[in-house]
Amino acid sequence: MLDMDQLLKDYPEIKTMQEYKPLFWQNPDYQGKAELPFGIEHIFDAEARFQRFAPYFEVAFPETLPTHGILESPLVDLPKMKAVLNQKFAHKIEGNLYLKADNYLPISGSIKSRGGIYEVLKFAEKVAMEHGDLVYGDNYAILHEERYHKLFSNYGIAVGSTGNLGLSIGIVAQKLGFNTSVHMSADAAQWKKDKLRSKGVNVVEYNDNFSHAITEGRKQADADPSVYFIDDEGSYDLFLGYSVAAIRLQTQLKAQGIKVDKDHPLFVYLPAGVGGSPSGVAFGLKQVLGEHVHPVFAEPTHIPSVTLGMMTGLNDKISVYDAGIDGTTKADGLAVGRPSRIAGKIMKTLLLGTQTFDDQEMMKDVVRLYDSENIRLEPSAASGFTILDQVLGQLVSDFPLENASHIVWATGGSMVPKEDMLAYLKDGKAELNK
Ligand SMILES: *Cc1c(COP(=O)(O)O)cnc(C)c1O
């Protein structure tokens, strides 16, 4: 049993969280020595698997033809957004502000096209090698043939999701031929469920939170040995799929002449739900770019699950509900009350800190980015902007910021239907006019 009274004595910041006030949590173990469960070779293994599947994507998802079957997003300079933010920031952004535009990733329009799709590919490759005749040197376009579709239809893939993970996994798994079930929490947007159903995915809806949906999904999948469950609360494959972003980003930084060294630190702002996608990316960045890249996570004040887990060291053993925090947010991608089993542990020495933010401030940033740069994000994905001012205030004494680069990781949004996008903009505009 958790002793909340003792925890409140040991970590007075929990009181701030209970009052829903924005909080910066500085990680006391940052840049310390640690044993990690994997290294850079695992990232390259995952990258190689994506490369093997590139010919499959070209035939099965022609929208990936321009990038030769590779799922990647652009790194976008945001001079106008920087100017807009600096007008109101107490701590001005020096150096450059960029968007890692995962909202434009093919297939799901979100960061889940990295981890979620990767785990489906890994499972499909295993089945195709063990029960079909696939070998590593094949052109994987053959996986789009009817005989493989038939083979895969003997297997199921299941997942619990607040929306985007289900979308990415559902679309690819169904296309390969797997029987696919997505267990959706109450927060999941209707259009995401509709889209999956239109593709023949079995969508199971719960009038409850994510922890409940994933537990039910896991239970049902465990009862059927032909079903493979993709576990957002603790999967190493998901994690490594996300980490591949670092190799790609390093190339983009070089191409755009963006230096990362002692005098040119790079700060990366990532929204955290269970903490899997931001941790996978942050782990990759630390392995590939080294000590001068500094990841920071963003979480809503009403559902700071990773912050609570890492601060107390309890990780997945504590949920925001245990602390009497209500867990409500407009950021559906972040509507997760209990963090992943692995993210906090791996991030122990790799994460600079976390910053919580107010939902309504996030809605304003959705509008600001749209108005200044004409880029559409879903609310979660704009939260990197929302935490910037406060984080800069914390960094200024410890880092040379004149030549720093700042990357806001935009985790999703390009597939949001027009009406939903208009509703987000209306909400944010009303807030700006207050
Ligand atoms: C999934 C998601 C996140 C957070 O990822 P976690 O792995 O749950 O931490 C953030 N933003 C969007 C849009 C997402 O879909």
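Rules used in this analysis
Residues numbered from 1 in each chain as written. Predicted model: local features only at pLDDT ≥ 70, side-chain atom pairs only at ≥ 80, totals over all residues. Heavy atoms only, no water. UniProt positions renumbered as here; feature names shortened; annotations may be inferred. Buried < 20%, exposed > 50% of the residue type's maximum accessible area, 1.4 Å probe, protein only. Helix = DSSP H or I, 4+ residues; strand = E, 2+ residues; numbered from the N terminus. Pairing = 2+ DSSP bridges. Axes fitted to C-alpha atoms, helices over the stretch in contact; angles between N-to-C directions. Parallel < 35°, antiparallel > 145°, perpendicular 65-115°, else oblique. Left-handed = near helix turned anticlockwise from the far one by under 90°. Contact = heavy atoms within 4.5 Å. Nonpolar A, V, L, I, M, F, W, Y, C, P; charged D, E, K, R; others polar. Near = heavy atom within 4 Å. Polar contact = N/O pair within 3.5 Å; in protein donor to acceptor, adjacent residues only side chain to side chain. Areas by Shrake-Rupley, 256 points an atom, 1.4 Å probe, with all protein chains shown as cover. Core = buried A, V, L, I, M, F, W, Y, C linked by side-chain atoms within 4.5 Å. Domains from an automatic or database assignment.

The name that an unreviewed UniProt entry assigns to the protein chain is Probable D-serine dehydratase, with the source organism given as Pediococcus argentinicus. Listed under Catalytic activity (unreviewed entry) in UniProt, the entry text for the protein chain is "D-serine = pyruvate + NH4(+)". The record in UniProt for the protein chain states the following under Cofactor (unreviewed entry): "pyridoxal 5'-phosphate".

In this section: the pairing of strand β10 (residues 353-357). Along β10, five of the five residues are buried, which leaves the element largely enclosed by surrounding structure. Covered by surrounding structure in β10 are G353, Q355 and F357 together with T354 and T356, the residues of both alternating faces. Pairing of strand β9 (residues 293-300) with β10, which is carried by five bridges, proceeds in the parallel orientation. Bridged to P300 within β10 is F357.

This part takes up the UniProt feature "domain: Tryptophan synthase beta chain-like PALP" (unreviewed entry) in the protein chain. UniProt records the feature "domain: Tryptophan synthase beta chain-like PALP" (unreviewed entry) at residues 70-391, using the numbering of this structure. Split by type, residues 70-391 is 44% helix and 15% strand. Its first and last C-alpha atoms lie 33 Å apart.

The next subject is the packing of helix α10 (residues 236-243) against helix α12 (residues 276-289). Between α10 and α12, whose axes approach to 7 Å, the crossing angle comes to 55°. The angle between α10 and α12 places the two elements in the oblique class. By crossing handedness, the relation of α10 to α12 is classed as right-handed. Packed against α10, whose contacting residues are F239, L240, Y242 and S243, the element α12 presents G276, S277, S279, G280, V281, F283 and G284 at the interface. A per-class count over the contact of α10 with α12 returns five nonpolar, six polar and no charged.

Once that is clear, we can look at the site of the ligand. Taken together, 16 residues are adjacent to the ligand, and K112, N164, G273, G275 and S277 come closest. N164 places a polar side-chain atom, nitrogen or oxygen, 2.7 Å from an oxygen atom of the ligand. The backbone of G276 places a nitrogen or oxygen atom 3.2 Å from an oxygen atom of the ligand. Expressed as a share of its isolated accessible area of 380 Å², the protein-covered part of the ligand is 98%. Considering each element in turn, the shell around the ligand owes the most residues, three residues, to α12.

Let's shift gears to α10. Among the eight residues that make up α10, seven are buried, leaving the element largely enclosed by the rest of the structure. Of the residues that open α10, the one with a side-chain oxygen 3.2 Å from the backbone nitrogen of D237 is S235.

Right, let's get into the nonpolar core. The biggest cluster of nonpolar side chains holds 136 residues, and the ones touching the most others in it are F57, Y269, F385 and W409. When residues in this core are grouped by element, the largest group, eight residues, is from helix α5 (residues 112-131). Structurally, this core is a two-domain feature, drawing no fewer than three residues from each of domain 1 (4-38 + 65-108 + 239-432) and domain 2 (112-234). Among the nonpolar cores identified, the runner-up in size contains seven residues, and F210, I214, A221 and V274 belong to it.

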